[in-house]
Structure formats: structure tokens, C-alpha cells
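Geometric and topological summary
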2 protein chains.
Amino acid sequence: MQRPTDEDFAIRLRLDIAYDGTDFHGWARQAGDQRTVQGRLEQALGTAARSPGQPPRPIAAGRTDAGVHATGQVAHLDLTAGQAESLLRRVGADGVARRVNGVLGADGDLVVRASALAPAGFDARFSAIWRRYEYRIADAEAVLDPLQRRRTLVVPRRMDDAAIVDASAALTGLHDFAAFCRPRPFATTIRTLQSLSWAREDDGVLVARLQADAFCHGMVRSIVGACLAVSTGRLRPDGPARLLSDAVRSGEYPVAPARGLTLTEVGYPPDAELADRAEHTRALRVLATELSSP
Amino acid sequence: MQRPTDEDFAIRLRLDIAYDGTDFHGWARQAGDQRTVQGRLEQALGTAARSPGQPPRPIAAGRTDAGVHATGQVAHLDLTAGQAESLLRRVGADGVARRVNGVLGADGDLVVRASALAPAGFDARFSAIWRRYEYRIADAEAVLDPLQRRRTLVVPRRMDDAAIVDASAALTGLHDFAAFCRPRPFATTIRTLQSLSWAREDDGVLVARLQADAFCHGMVRSIVGACLAVSTGRLRPDGPARLLSDAVRSGEYPVAPARGLTLTEVGYPPDAELADRAEHTRALRVLATELSSP
């Protein structure tokens, strides 16, 4: 069977998705038997749309790594007329979430929270204007809660909140985050870190909240790891700021484990600006690719 | 080796404990290979006290069933002088929690949150004056969160909050809860349900909170099950109240699954009243046993 071409697609849907990433090898579908979020969702969509051989392929705003969680992932997917007929029949676009959860199991580690017809020009990845992540750390100050352990890093010592906040301050704004990213060919590492804040929850759990236009690969976990390394004395207080001038990823400190990280929200512009935003993002990518090419 | 006698024990500790009950066959140690909270904790205490052959045995305030969770379980345990020497050496009573977590793993499904010398007369089970439980239900009104699924019952329909609250009202106070309990020989089923409230969290999850002097076996899950059965129409609005006059457990409605249930807190009187309270509770049990005997 041929893969459908652009002309074959009749309808684009937006899905809001949540998952416990512990038992997934990340978002992106891989060759082989690895259990991925995209792969599992595609499979369930194929079943629900009665199109198991050629399932609709969801495209996500954030391609989370193995073990990373999401409460606010967003994806789009394109349906052929036949798939739309099967999937939307009797329930409409809003009912697709429940139909897919019927296949996935509503109490499993992956659920679709909401589904809707995508507004014109909507692209889950390229229309997004910001992403928010949160990183949870239970240090010696926190009350341990086994029911939250799958989304929380446990460290046996007491973290130094003031040192962490100080070290973080220099990182916000527009920078080349090359030293905080796993390199990808032809991908720019220039990003705007719009905010980076730290707070203690009522139970003493230390939570970092980060927002950027986009994050490059491994960036949140590198930033969190560098800040924790300042607290433990492995990096000097000006270490994270100093790293901003480096062109390659540092080995001076450990990257924070996936376990504590959750994608919590993705922001989009008003509907009228969706297509322009996607066009703009794609153009920047083409430019970055050309500049990176030899 | 002989089990130590009362005279052999030098020190009583109080432990505050939390667990994700999903992978435990309940609190109580059982014959065979079943993984239980008491068994696992005993094993870790034996290792930490260098007394693996004769480990200290923790006694809990609430003997939770298979699959039931706890954030506020309380236990006491008695140490021989030799065990106390090994377990408390250099860290004191407060340091026992960290020492035991070092064996259990602080990011596992069972942790000791705090440890202390028990005040005189303290008995985790018999000194307690109340227990609090919480039951979480994600119905069609709630936002599904896979990261909270292990402690949350998911039901596909919309629960009727008003009907549930109305049905609950008749249950508080002093009653014979025989119709809501799994019978245990020589155990009274007369209890005071001090409070039973229902609330929606910010994410729409429906949470029942119950407090009683003590709960008999299966009582919380039966009460929650009966209230949900009113919402689904399986029981009439006056069904739960009517059941109070029954002498045996009803089969008219399903008991709520263990998954949604968490023991959140145990209350004790001021230290000066601990011994009297324990004596009083034990005397009531003896009386109940004599009254129940033929």
C-alpha cells in the first residue's frame, strides 16, 4: 500500500495527550520493538479508525526522551476521508479522545485528554510559540511520597536553594545553548529561555519550571543538572553562566535523569496567526540548515 | 532461636511510613512468598539492625488490604538492646528512617518518612484515636493524569455529586457497620464514622475523605462503593442508610477497588493519655470477644 499523499488528507485533528514516560522509550517511533508514545498512539488510532495497516501518524510539539513524562503534550494528525469517517462517526472530533482511550485503556500510562478539529494552519510542532517543562526533586528537605516517585528524582542530600536560584539567573534570555544540548545535525542551538524559576512545594519537593520558545535536545535536563551541580559544589557558582560561552556540551557535571521531567504545557498564538507562525518557524529551520551546511 | 520475650525489649520506636500499595499484597505479613509491606519492612529493619534472623516486627495502626496505599501509616516496633545498639548507633532514633531507607531505596514503593523514640505507653494500633482515609475517583468530569493512575480509580461515566453527598449524610455517627464490613471472628463492627466528605480537586478528580475512630475490614471501600452505586442508580438514594440496619454484608453493589484508597493520617491523644487509651481499646476488644463468644 502506498502512504497517502498530502492531497489525500481531508481533516487535521489536534490531540492533547498525557503520559507516564517511565515505561516508554520516548515519544519518537523507532525501528524495532521499542515501546514509544508515538508508536502506541499510532497503533490505537489505527484500531479506532479501522485503518490498522495505514494508521494516522501523530506529530508532537515536543519529542520527549525516554523516561520523560507529559501532562500537556500536543499533537496533530491528518486523516484521510475514510479514516475520518470511521474515527469521527457518531462521536465527532471531540469524541475521538474517548474512542482512542477505549483502545488504550483510560487508566493506563498513556491517555488522550482532549481531541478537536485543528484550526486552519495549525501544526502542533511548528505553530507552537513556547513549551513549559517542570522538574521535580525530592531532596533531604522533602517528605518522600512513593505515589509520586515515578515523576520525582530523589537525592539524599539537602539542596542549596539560594545557590541554585543564583546560578539560574544568568541563563534566561536569548543564548546559544550549545553547551547544554546534545548536538543534532543542522539544528540550531540558539534559544530564548523565557523563564526559569525554582520553588518548594508544600511537601518540600523542589520544583524547577522552565519556559522557552523551544528547547533543544537534552536542554532542560542539562540546565537542571548544572544548577544541581552548583548546589553540590561540583560546579562553581558562575559555572552555568560560564558554560554559555562554550560551543560543545560539557562533561563537568551529570545531566539530570529523565525521571523528574514532565512536559506540562505548549503555547500557541491566536488562531489567525497559526499559519504565519508555522511558516516562520519552518523558514528559520531552512535558514539554520543552510548556515550549518558546509 | 527463641523469639525474644517482653522482658528482652529495651526500646520502642515509632515509624511514619508511606507506600504505593500497587505491588504489595497488603500490610500484613503472610505465610509464603507474598510481598507485603510488613514483611518487606521487617526484612529491611533486620538488615539495618544486623539482626536478619530475628528482625524487629513492626505493628501498624491500619492493616491495609492488598493494593491500598498509605501516606500516613504509623507503626511501632520493639528493639532488643542488641538491635537498638546496631540500629541507633551514631544516628540516634531520628536517623533510623534514613538508615532503613538506605536498605529499601529512597525512591522505591515503600519508605520510612520519620522515626523517633515512642513516648511511654505508645501503641501504634491501640493508642490511635482516629484514622483518615482518602478515595480518589477520576470520572468523565476529571482530567486524566497517567502519573496519578496508581492511586486513582478511573470510571468512564459522570458521577452525580449531589446524589453521592446526599447518600453519605446518613452514614456519619455511631452505627453498627456490619453491612459494610467483611466479617472477622470476635471483632465488633460498631464504629463512629466521624466525618465523610466529598470534594472535587482542581483537575475534577472526585475525592472522598473519611475519618473514624477505627474502620473495620473493607469498610471504606464498601461505603465508597455504596455511594457510587447510588450515583449509577444501582442503589436507591436511601440505600446506604437502609443498609445500616442489615446484619451482614450486602451483595447489592460492588465494593470500590483498592486502587483509589490511601490511608492518609492516624491521630493519637496527647502523650500523657497514650497508655490509658491503649488500655481502654484493649479492654473493649476483650469485652467484644467475650460477648461474641458462644
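Conventions we followed
- Residues numbered from 1 in each chain as written.
- Chains lettered and ligands numbered in written order.
- Predicted model: local features only at pLDDT ≥ 70, side-chain atom pairs only at ≥ 80, totals over all residues.
- Heavy atoms only, no water.
- Helix = DSSP H or I, 4+ residues; strand = E, 2+ residues; numbered from the N terminus.
- Rg over C-alpha atoms; globule rule 2.2 N^0.38 Å.
- Contact = heavy atoms within 4.5 Å.
- Areas by Shrake-Rupley, 256 points an atom, 1.4 Å probe, with all protein chains shown as cover.
- Lys, Arg positive; Asp, Glu negative; His and termini not counted.
- Charge placed at Lys NZ, Arg CZ, Asp CG, Glu CD.
- Least-squares fit on C-alpha atoms with pLDDT ≥ 70 in both.
- Buried < 20%, exposed > 50% of the residue type's maximum accessible area, 1.4 Å probe, protein only.
- Polar contact = N/O pair within 3.5 Å; in protein donor to acceptor, adjacent residues only side chain to side chain.
- Salt bridge = Lys/Arg side-chain N within 4 Å of Asp/Glu carboxyl O.
- Buried area = accessible area lost by both parts, 1.4 Å probe.
- Expected span 1.5 Å × (residues − 1).
- Patch = residues over 30% accessible without salt bridge, like charges linked within 9 Å, V, L, I, M, F, W, Y side chains within 5 Å.
- Disulfide = S-S within 2.5 Å.
- Pairing = 2+ DSSP bridges.

Side note on the overall build of chain A
Across its full length, chain A carries 7 helices and 10 strands. In terms of C-alpha radius of gyration, chain A reaches 20 Å, essentially the compact-globule figure of 19 Å for 294 residues. Counting only C-alpha atoms and orienting by the principal axes, one finds that chain A spans roughly 60 × 50 × 40 Å. For chain A, contacts bridging at least 24 residues in sequence account for 69% of all contacts bridging at least 6. Summed over all atoms, the accessible surface of chain A reaches about 13,300 Å², with 51% contributed by carbon and sulfur. The centroid of the 37 positive side-chain charges in chain A is displaced by 4 Å from the centroid of its 36 negative side-chain charges.

Focus on the relation of the copies chain B and chain A
Once chain B is rotated about the relating axis by 180 degrees and shifted along it by 0.0 Å, it coincides with chain A to within an RMSD of 0.0 Å. The transformation relating the two chain copies, once decomposed into turn and shift, fits a two-fold axis. Minimal C-alpha separation from the rotation axis in chain B is found for B:Gln148, amounting to 3.8 Å. Most of the interface of chain B is mirrored in chain A, where 100% of its interface residues again form contacts.

Considerations on the side chain of A:Asp20
For A:Asp20, the location among the structural elements is in the loop between β1 (9-19) and α1 (37-48). On the basis of relative accessible area, A:Asp20 is assigned to the buried category, the value being 1%. At 2.9 Å, the side chain of A:Asp20 and the side chain of B:Arg149 are in polar contact.

Details of the pattern of salt bridges
Enumeration over the complete set of coordinates arrives at 44 salt bridges over all chains. Put simply, A:Arg221 and A:Asp65 hold a salt bridge, and the shortest N to O gap is 3.5 Å. Here A:Arg221, found in helix α5 (residues 219-232), pairs with A:Asp65, found in the loop between β2 (59-60) and β3 (69-80); they are 156 residues apart in sequence, far enough to count as distant. What makes A:Asp65 buried here is its relative accessible area of 18%. With a closest N to O distance of 3.1 Å, B:Arg282 and B:Asp123 form a salt bridge. Residue B:Arg282 is located in helix α7 (residues 274-292), and its partner B:Asp123 is located in the loop between β4 (110-117) and β5 (130-138); the two are separated by 159 residues in the primary sequence. Here B:Arg282 falls in the partly exposed class, since its relative accessible area comes to 35%.

Focus on the interface of chain B and chain A
Where interface size is given, it is often the accessible area lost as the parts come together that is meant. Taken together, the 28 residues of chain B in the interface contact 28 residues of chain A. Taking both sides of the interface into account, the surface hidden between chain B and chain A amounts to around 2,200 Å²; carbon and sulfur atoms contribute 59%. Here chain B is connected to chain A by 4 salt bridges. The partner of A:Arg149 in a salt bridge is B:Asp20, with the nearest N and O atoms 2.9 Å apart.

Looking at the environment of B:Arg12
Residue and element names in this part refer to chain B. Counting through the fold element by element, Arg 12 comes out in strand β1 (residues 9-19). Residue Arg 12 is classed as partly exposed on the basis of its relative accessible area, which comes to 28%. Contacts of Arg 12, omitting those with residues within four sequence positions, involve His 76, Leu 77, Asp 78, Ala 116, Leu 117, Ala 118, Phe 122 and Asp 123. In terms of polar contacts, Arg 12 uses its side chain to reach the side chain of Asp 78, at 2.7 Å.

Digging into the environment of B:Leu244
Residue and element names in this part refer to chain B. Mapped onto the elements, Leu 244 comes out in the loop between α6 (239-243) and β10 (261-267). Considering only alpha carbons, one finds Leu 244 and Leu 171, 73 residues apart in sequence, at a separation of 7.8 Å. Leave out the neighbours within four places in its chain, and Leu 244 touches Ala 170, Leu 171, His 175, Asp 176, Phe 177 and Phe 180.

Details of α1(A)
Residues and elements named next belong to chain A. Compared with the 16 Å implied by 1.5 Å per residue over 12 residues, the 16 Å span of α1 between its first and last C-alpha is a close match. Taken as a whole, α1 has its buried residues at Val 37, Gln 38, Leu 41, Glu 42, Ala 44, Leu 45, Gly 46 and Ala 48. On its buried face, α1 is in contact with β1, β3, α2 (81-88), α3 (96-104) and β4 (110-117). Backbone nitrogen of Gly 39 and a side-chain oxygen of the N-cap are separated by 3.0 Å at the start of α1; the cap is Thr 36.

Concerning a positive patch on the surface
Residues and elements named next belong to chain A. Together, Arg 63, Arg 182, Arg 184 and Arg 285 make up a region of like positive charge exposed at the surface. Positionally, Arg 182 belongs in the loop between β7 (173-176) and β8 (190-200). Take Arg 182: its relative accessible area is 42%, and that puts it in the partly exposed class.

Focus: the state of the cysteines
All names here are of chain A. Applying the stated criterion to the full structure yields 2 disulfides over all chains. Paired through a disulfide, Cys 181 and Cys 216 show a sulfur-sulfur distance of 2.0 Å. With Cys 181 in the loop between β7 and β8 and Cys 216 in the loop between β9 (206-212) and α5, this residue pair connects regions lying 35 residues apart in the sequence. The residues Cys 181 and Cys 216 share a single accessibility class, namely buried. Of all cysteine sulfurs in the structure, the one in Cys 181 sits closest to Cys 227, which takes part in no disulfide; the separation is 14 Å.

Re the pairing of strand β9 (residues 206-212) of chain B
Residues and elements named next belong to chain B. Across the 7 residues that make up β9, a large majority, 6, are buried. Here 7 bridges tie strand β8 (residues 190-200) to β9, and the two strands are oriented antiparallel to one another. Looking across to β9, one finds that Ser 195 is bridged to Gln 211. Counting the residues in the hairpin turn of β8 and β9 gives 5 residues, including Gly 204, whose phi is positive at 85 degrees.

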